[in-house]
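In case you want the letters, here they are:
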Amino acid sequence: MTFTSDRPNSPGVTTALYLQRLRSVAEKPRKGHDKLHRFYAFEEGALSVTVPAPPGDYEASIKLVEASTGQTTGLVRVGRVRV
């Protein structure tokens, strides 16, 4: 799957991508079942990444992380995808 940011990260901030595997396209995401997939630092000219995942239905979410302090935003749901 391809994950695209709408803008670069601020200096010192990374994007934590969370994926939740769903049993079907109709299933609603369950609180507490999001799994950290990876951290990404989006820069001007490099706003998309290919995210490897086995076939299935996923709910994608993000948190923004201040690298120096570890402070994060809340979990933000960004979409659903079928691989």
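A. Representation of the sheet that holds strand β6 (residues 76-82). Read from one edge of the open sheet, 4 strands run β3-β2-β5-β6, paired in antiparallel fashion. Where the open sheet ends on each side, the last strands, each with one partner, are β3 (35-40) and β6. Each neighbouring strand pair of the sheet contributes to a mean axis angle of 30 degrees, computed without reference to strand direction. With 10 bridges connecting them, strand β2 (residues 13-22) and strand β5 (residues 57-66) associate as antiparallel partners. Across the sheet, threonine 14 pairs through a bridge with valine 65, a residue of β5.

B. The arrangement of the nonpolar core in detail. Phe3, Leu17, Leu19, Tyr40, Phe42, Val49, Val51, Tyr58, Ala60 and Ile62 form the largest nonpolar core, which has 10 residues in total. Of all the secondary structure elements, the ones that give two or more residues to this core are β2 and β5. Considering every element that reaches this core, the biggest residue donor is β5, with 3 residues.

C. Spotlight on the packing of aromatic side chains. The full count for this structure, using the stated rule, is 2 aromatic pairs. Here phenylalanine 3 and phenylalanine 42 contribute two aromatic rings whose centre-to-centre distance is 5.8 Å and whose plane-to-plane angle is 50 degrees, an arrangement assigned as tilted. Of this pair, phenylalanine 3 sits in strand β1 (residues 2-4) while phenylalanine 42 sits in the loop between β3 and β4 (48-50), and the two are 39 residues apart along the sequence. We classify phenylalanine 3 as buried; its relative accessible area is 12%. Each member of the aromatic cluster is reached from another via a ring pair, and the members are Phe3, Tyr40 and Phe42.

Thresholds, definitions, all that
Residues numbered from 1 in each chain as written. Predicted model: local features only at pLDDT ≥ 70, side-chain atom pairs only at ≥ 80, totals over all residues. Heavy atoms only, no water. Pairing = 2+ DSSP bridges. Helix = DSSP H or I, 4+ residues; strand = E, 2+ residues; numbered from the N terminus. Axes fitted to C-alpha atoms, helices over the stretch in contact; angles between N-to-C directions. Core = buried A, V, L, I, M, F, W, Y, C linked by side-chain atoms within 4.5 Å. Buried < 20%, exposed > 50% of the residue type's maximum accessible area, 1.4 Å probe, protein only. Phe/Tyr/Trp six-rings, centres within 6.5 Å; stacked < 30°, edge-to-face > 60°.

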